[in-house]
Structures are given as structure tokens and as C-alpha cells.
Amino acid sequence: MDAIRFTVEAQQDQARAGVLTTRRGVIETPVFMPVGTAGTVKGIRFEALESDDLDAKIILGNTYHLWLRPGIDVIKSAGGLHAFTSWDRALLTDSGGFQVWSLGALRKISEEGTQFRSHVDGSLRFLSPEISMEVQAALGSDIVMVFDECAPGEASHDETERSMNLTARWAKRSKTAFDQLQSDGADTGRREVECLSGAQALFGIVQGAGHLDLRRISLQQTVSIGFDGYAIGGLSVGEEKSVMFEVIEDIAPRMPQNAPRYLMGVGTPEDLVEAVARGVDMFDCVLPTRNGRTGQAFTSRGKLNIKNAQFTNDSRPLDESCRCSVCRRHTRAYLRHLYIAGEMLASILLTHHNLAFFLDTMRGVRQSIRSGDFPKFRREFTERLGANGE
Ligand SMILES: [Zn+2]
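Draft legend 1. Representation of empty space enclosed by the protein in the model. Taken as a whole, this structure holds two cavities of 30 Å³ or more when the rule is applied. Taken together, G36, G39, T40, F46, I59, L60, G61, L81, T85, W87 and L91 make up the lining of the largest cavity. Of all elements in the fold, only β5 (58–62) and α4 (81–85) reach the threshold of two or more residues within the lining of the largest cavity. The biggest single contributor to the lining of the largest cavity is β5, with three residues. Residue classes in the lining of the largest cavity are distributed as six nonpolar, five polar and no charged. Taken as a whole, the second largest cavity spans an internal volume of roughly 40 Å³. Around the second largest cavity, the lining residues are G97, V100, W101, R107, I109, T114, F147, D148, E149 and W170. Elements with a contribution of two residues or more to the lining of the second largest cavity: α5 (97–101) and β7 (107–109). With three residues, α5 is the single largest residue contributor to the lining of the second largest cavity. Residues that form the lining of the second largest cavity fall into these classes: five nonpolar, two polar and three charged.

Draft legend 2. Fine view of unusual backbone geometry. Looking along the chain, the bond that leaves T29 and enters P30 is cis, with omega of 0°. Structurally, P30 can be placed in the loop between β3 (25–29) and β4 (31–36). Cis geometry marks the peptide bond from V266 to G267, where omega comes out at 10°. Position of G267 relative to the elements: it lies in the loop between β13 (261–263) and α11 (269–277). With a phi close to 45°, A209 is a non-glycine residue in the positive phi region. Tracing the chain through its elements places A209 in the loop between β11 (201–206) and α9 (212–225). For A209, a relative accessible area of 4% puts it in the buried group.

Draft legend 3. Highlighting the side chain of D94. With respect to the helices, strands and loops of the structure, D94 is situated in strand β6 (residues 90–94). A polar side-chain atom of D94 sits 2.4 Å from a polar atom in the side chain of N62. Setting aside its immediate chain neighbours within four residues, D94 contacts G61, N62, T63, Q99, Q136 and M145.

Draft legend 4. Representation of the packing of aromatic side chains within the structure. This structure, assessed with the given rule, holds ten aromatic pairs. Between W67 and F116, the ring centres sit 6.2 Å apart and the planes meet at 55°, which makes this aromatic pair tilted. Residue W67 is located in helix α2 (residues 63–68), and its partner F116 is located in strand β8 (residues 114–117); the two are separated by 49 residues in the primary sequence. A centroid spacing of 5.2 Å and a plane angle of 85° characterise the contact between F298 and F358, whose relative ring orientation is edge-to-face.

Draft legend 5. Expanded view of the coordination of the zinc ion. Here the zinc ion is held by the protein donor atoms C322 (SG), C324 (SG), C327 (SG) and H353 (ND1), which lie 2.1 to 2.3 Å from it. Seen from the zinc ion, its four donor atoms lie at angles of 98 to 120°, and the figure they make is tetrahedral. Positions of the donor residues of the zinc ion along the chain correspond to the pattern C-x1-C-x2-C-x25-H. C324 gets classed as buried once you look at its relative accessible area, which sits at 2%. Residue classification places C327 among the buried positions, given a relative accessible area of 8%.

What counts, and at which threshold
All residue numbers refer to position in the chain's written sequence, counted from 1. Totals for whole chains, interfaces and linings use all residues, but because this is a predicted model, local features are given only for residues with pLDDT of at least 70 and pairs of side-chain atoms are given and counted only at 80 or more. Heavy atoms throughout the structure, all of them, feed into the side-chain values; hydrogens and water do not. Using a 1 Å grid laid over the protein atoms alone, points where a 1.4 Å probe fits but cannot get out form a cavity; open sets with protein on both sides within 12 Å along at least 5 of 7 lines form a pocket; any residue with an atom within 4 Å of a point counts as lining. Grid points are joined across faces, edges and corners, and a volume is the space filled by probe spheres set on the points. In this text, helices come from DSSP runs of H or I with a minimum length of four residues, and strands from runs of E with a minimum of two, each type numbered from the N-terminal end. In the scheme used here, Gly and all other residues not listed as nonpolar or charged are polar, with Ala, Val, Leu, Ile, Met, Phe, Trp, Tyr, Cys and Pro taken as nonpolar and Asp, Glu, Lys and Arg as charged. Accessibility here uses a 1.4 Å probe with only protein chains present; expressed as a share of the type maximum, an area under 20% marks a residue as buried, one over 50% as exposed, and anything in between as partly exposed. The term polar contact refers here to a pair of N or O atoms within 3.5 Å; inside protein, the definition further demands a hydrogen-donor-capable atom paired with an acceptor-capable atom, and it admits residues adjacent in sequence only when both atoms are side-chain atoms. Residues count as neighbours in contact if any of their non-hydrogen atoms are within 4.5 Å of one another. In summary, the pairing rule links any two rings of Phe, Tyr or Trp, Trp by its six-membered ring, whose centres are within 6.5 Å, and it sorts them by plane angle into stacked for under 30 degrees, edge-to-face for over 60 and tilted for everything else. Counted as donors are N, O and S atoms no farther than 2.8 Å from the metal, or 3.2 Å for Na, K and Ca; water is not among the atoms, and sites may therefore look incomplete. A four-donor site is classed as tetrahedral when every donor-metal-donor angle falls between 85 and 135 degrees; four donors are called square planar, and six octahedral, when trans pairs exceed 155 degrees and all remaining angles lie between 65 and 115, with any other arrangement labelled irregular.

Structure follows, in C-alpha cells:
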């Protein structure tokens, strides 16, 4: 049995509405996946993620963070990441490649893997395709990502090419190790939960920074290895936004039609809608949760900084067109007060609304593709965002 099934059910130009069936439930695409770095989507309870308000069908876990703390033995003995956190919907884990990459000078890359110092205790650690696959099998996630190397946004052609070829060799090693672990029964999720029918799925990652010729080669290299899904990595890492969209526009339509396409780590609500228009199906980003903690709300009329004095007596909800429980109940004035007073509830409520806005935007995107109204949705969405009179 296939690890996942993916069907495109409606398409308008490049925009696709589909259904991704994982061993832990059915996910309608395009989908936004809240980021649960260390076994928690920061600032929000699992009940809220599951509520009708948000109804997140899939979230992320970070291999790097969970591997360092609490460590794989703890999660294994708890029965995998699902059992440990008590989340029984789908989980995607990244490979740790990006986190290690973002350590910058603290890391050393060799053919074998990456050596780095742990940000937790300063210890010297080593991550390779094989170790990343082993950790992700122990976590028991439903979608596993290959271990890749990411070239910086402004990397030269030569530098990017070297990095991309290393990524291709690591992808092959990831696949070999992954297949072996599956046949060895190392997938904690499957061992611990008898009703789980399928195996873990493995996604490949296309690299190549802003160089379209390299992106196309990387895509070819990745597809020739053969994965359950394909991701575009290494964007939103300091390159110009126009470069990012140029890459997506060129690469997404060339990716396999019958597999999900995942744009890693992007982006703002308008980025999501624009990437859907270019053929992307899956997204993750820390923006709704991270910005929620710093007092920023995403609304249908653009961003709003709750710390601003203009909201002191504002009795309106964060977003008058939002139906989330925060907007139904609380005023901007109250949220501003909480934030200024340093109350933790400010972060919790802003995070909740932000996630509701991202997830609801994707709901609207899916509906509009299915009803053939996506161009209209896209136009009106963008106009409203720009209309912010705050
Ligand atoms: Zn809201």
C-alpha cells in the first residue's frame, strides 16, 4: 500500500485543489501546516488546533530540536511523537538540514554530513542523511523529509551547484536509509499504533537557490530518485521576493503532476495565495505563531500592530471579517492592554487568531479553485490587503 495518495480534483490555470490521504487522515490541499518546532505549536493548545475554529489537519515537528531535547530515547519510549504529544492527526517532520544550516559558522559540512554545536548545551553533534532518517523513523511522523543542504539566497552559481549536487547525493542516501528502516520496522508510529495502515512517506527537496538552470537539474535529480512528494527548499532565505516567485513559477509546474508540491518555510498570506497560483499545494511557516507572540496580527486588511496607541480604545475585533473565537469575543483595546501589560494571554490569543486567518485563507483558496473562482478570489484578497486604512 502506498504511504500516501494524492489526487488533484480541480485545477484552474496552475492552481490545484486536491486531496492528500495520509495514514492519519485526509488533508484537503492547498494546505497550511502550523509549525510545531519542539513538539508544540507555540502558544496554542492541541484542543484549539483541532477545534472547528482552526481545524489544522497536519502540523510540523522539527527533527533538530526534538533530537537535541528531549532526545530520541524519551520520545521512543513514549511511543513516538504522536503519543508523546497526544496529537493523532498527521505530522510532517523536517530533516534538521535547514536548522543546522541556519547555525551558520557553527557548522562544518563534509560529504558524510554536518558537524555542529548544539544550541542547547554546546556539545559537538553530527547529523547525516542516515541519522536524520533514523530520528524521523523514531519520531514516527507521517511525512519524512530528506536531509538536504541549503545554499544561501545570494550564493554564486558554482557554490550553489556544489551544494545542489551534495543535496542530490544526500537525497539518495536518505532514500536508501529510509527504505531500510521501513523494512526493519523502525517506524515508531507504525509499531505503536496497530490501526495505522500505511508506512511513512518520504519527500524529496529541490534546491538550487535563485539559479533556474540549477533548479531544473535539481528537480530532475530528485524525481529520478523517486519520492512520495516533492518540496521546493532554500527559498525565503534572503533572496529578493521576485527571485522567489520566479523560481516557483518556473519549477512548480514542472514538478510531477500526481504528487504533492510543498514550498518550505513560506510565507505571508499573500505569498501563499501567489504560490498556489503558481502550482504549490503545501506550506509551512512560523509567521502566524512567531508574529503573534510579538504583537502582530494578520488580518484581511493587512498587518496590525496591537501595541500601537491608536488601539487603546478600539472596540472592534482584530479583523471584522474573521469568525474565530478571539474575534468573536475580544476587542483590540483589550488585546492591546494584555500585550502592554505583558500578559501571556496576549500571545495565546494573537497566535490563535493568526492561525485562524492563515487556515481560513487556505479554505477560501480551496473553495475558489473548486468553484472556478480562484482568479477573482486572488484579486479581491490582494486588493483588501492593500486597503488597510489603519
Ligand atoms: Zn480572528
